[in-house]
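# Structural overview for review
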Amino acid sequence: MAAVQSTTTTAPQRILMGPGPSDVDSRVLAALSAPIVGHLDPYFLGVMDEMQSMLREVFRTKNELTLAVSGTGSAGMETCVVNLIEPGDRMVVGVNGVFGTRMADVAARAGAEVTTIERPFGEVFDADEIAEVVARVKPKVVGLIHAETSTGALQPIEEISRVVHDAGALLLLDTVTSLGGVPVEIDAWNVDAVYSGTQKCLSCPPGLAPVSFSAAALEVMDARKTKVASWYLDMSMVRNYWGGKRAYHHTAPINMNYALHEALRLVLEEGLENRFARHRQNHLALCAGLEALGIQYAVPADHRLPQLNAVVIPEGVDDAAVRKQLLGEFGIEIGGGLGPMAGKTWRIGLMGAASSNRNVLLLLAALERCLTDQGISITPGAGVAAANGVYGDA
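This text gives an overview of the structure that appears in the document. (Residues numbered from 1 in each chain as written. Predicted model: local features only at pLDDT ≥ 70, side-chain atom pairs only at ≥ 80, totals over all residues. Heavy atoms only, no water.)

## Digging into the overall build of the protein
Helix and strand counts for the protein stand at 13 helices and 14 strands. The C-alpha radius of gyration of the protein comes to 22 Å, within 12% of the 21 Å expected for a compact globule of 394 residues. Projected onto the principal axes, the alpha-carbon positions of the protein cover approximately 65 × 60 × 55 Å. Per-residue burial for the protein yields a buried fraction of 56% across its 394 residues. Taking the intrachain contacts of the protein between residues at least 6 apart in sequence as the baseline, contacts between residues at least 24 apart amount to 72%. For the protein, the accessible surface area stands at approximately 16300 Å², while carbon and sulfur atoms represent 54% of it. Taking the average place of the 31 positive charges on the side chains of the protein and the average place of its 43 negative ones, the gap between the two points comes to 4 Å. (Helix = DSSP H or I, 4+ residues; strand = E, 2+ residues; numbered from the N terminus. Rg over C-alpha atoms; globule rule 2.2 N^0.38 Å. Buried < 20%, exposed > 50% of the residue type's maximum accessible area, 1.4 Å probe, protein only. Contact = heavy atoms within 4.5 Å. Areas by Shrake-Rupley, 256 points an atom, 1.4 Å probe, with all protein chains shown as cover. Lys, Arg positive; Asp, Glu negative; His and termini not counted. Charge placed at Lys NZ, Arg CZ, Asp CG, Glu CD.)

## Considering the pattern of salt bridges
Under the criterion given, the structure shown has 18 salt bridges. Residue Asp222 pairs with Arg239 through a salt bridge whose shortest N-O separation is 2.7 Å. With Asp222 in helix α7 (residues 215-222) and Arg239 in helix α8 (residues 235-242), the pair connects residues that are 17 residues apart, well separated along the chain. (Salt bridge = Lys/Arg side-chain N within 4 Å of Asp/Glu carboxyl O.)

## Quick word on the packing of aromatic side chains
Within the structure shown, the criterion is met by two aromatic pairs. With a centroid separation of 6.1 Å and an interplanar angle of 65°, the aromatic rings of Tyr43 and Tyr258 are classed as edge-to-face. Placement of the pair is Tyr43 in helix α2 (residues 42-59) and Tyr258 in helix α9 (residues 254-270), with a sequence separation of 215 residues. Given the relative accessible area of 5%, Tyr258 is considered buried. Judged by centre distance (6.4 Å) and plane angle (70°), the rings of Phe44 and Tyr258 are edge-to-face. (Phe/Tyr/Trp six-rings, centres within 6.5 Å; stacked < 30°, edge-to-face > 60°.)

## A look at unusual backbone geometry
A cis amide bond links Gly20 to the next residue, Pro21, at an omega of 5°. Counting through the fold element by element, Pro21 comes out in the loop between β1 (15-16) and α1 (26-32). Of note, the phi angle at Asn190 is positive, near 60°, even though the residue is not glycine. Here Asn190 is to be found in the loop between β8 (170-174) and β9 (193-195). Overall, Asn190 belongs to the partly exposed group, its relative accessible area being 39%. Phi is positive for Arg246, which is not a glycine, with a value near 55°. In this fold, Arg246 is placed in the loop between α8 and α9.

## Side note on the environment of Leu45
Tracing the sequence through the fold places Leu45 in helix α2. Sequence separation between Leu45 and Phe213 is 168 residues; the distance between their C-alpha atoms is 21 Å. With residues near it in sequence (within four places) discarded, Leu45 still touches His39, Leu40 and Arg246.

## Things to note about the sheet that holds strand β10 (residues 208-213)
Strand order in this open sheet of seven strands is β2-β10-β9-β8-β5-β3-β4, and the pairing throughout is mixed. Whereas interior strands pair on both sides, the edge strands pair on one side only; in this sheet they are β2 (65-70) and β4 (113-118). Taken pair by pair, the neighbouring strands of this sheet meet at an average axis angle of 20°, ignoring direction. Across three bridges, β8 lies against β9 in parallel orientation. Across the sheet, residue Asp174 finds its bridge partner in β9, namely Tyr195. (Pairing = 2+ DSSP bridges. Axes fitted to C-alpha atoms, helices over the stretch in contact; angles between N-to-C directions.)

## Section: the packing of helix α11 (residues 319-330) against helix α12 (residues 357-373)
Viewed as axis vectors pointing N to C, α11 and α12 meet at an angle of 125°, and their least axial separation amounts to 10 Å. Accordingly, the angle class assigned to the pair α11 and α12 is oblique. Crossing of α11 against α12: the hand is right-handed. Facing Val322, Gln325, Leu326, Glu329 and Phe330 of α11, the residues of α12 in contact are Leu363, Ala366, Leu367, Arg369, Cys370 and Asp373. (Parallel < 35°, antiparallel > 145°, perpendicular 65-115°, else oblique. Left-handed = near helix turned anticlockwise from the far one by under 90°.)

In structure tokens form, the structure reads like this:
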């Protein structure tokens, strides 16, 4: 009889400074390992209620239908699209990166007549170009990526929201990388449907997708003439589990909900404004340090994400070799570029628990070593000194 092969499940310690997942606080990991209960246990129902309340605070909304979908951020995307779209509906999607492309694909699979409006990777849309396309297409839904993870670009929303609603359409927003890192104002911006993920600035393991729907979105969902294309993500059933009826739909991932509950507690204990300021301060220090190392950003400063820094790889530097060295010698993960930015950019995450002075300074010191090994001439300690200058002025 063949011997059973034994493998270790002891994962290595990493410093996660890529595009996600991000580092997770020990309190969240402890919550993840708490005793499991049934998905209709009174204790768990109380956790769900508290989590809904905290999600409303973080999304800055009073929307009744606010919950965590069982699935990653892409499940949140699909939830919003399939519940609002019926076959033949017109939808406009802004494509300025990988995730806009994905939203357009999801909408087409749901039967929408999709019109894409496109910008080069790293750029954002303005209200005038959105106004032109919605006037021409007259869509039911307009979908935009608030924080494009593939490019590091932050999309302004407020003025575009007015244009979309003046045209009688609903606004759908991807906040997977923005929620908890920069302001997300769902009610103030009049966003009708929004989704996020747990593994970015909320600093929770991947596995749940916070979503929220406005009263206008609920009216559209309740007036559907066809069934939602996905049984699992059909909010007409899922909301009965999260609402007063507590009707069984699927077995929720109990311990992932514990983890998100604790992660949201940490966000609100810190305070949203304090959290935004921390992400911004560490971003500015990283900017100064990278500039001292001769590294430039791929995104203009006026719409640059503080928590996802897309930077141009210096001429002659081997992208994969640097990322391999950072991981192997220093335990630091950063991300490579996607789409047309593959091999041209690095994506450096400063998300949630990973956004710290320590991580910024450690990365700059390690990156200096990697670039020097690649033959790049750098003044020793220049990156760390520049970052410390920013911290010293704070």
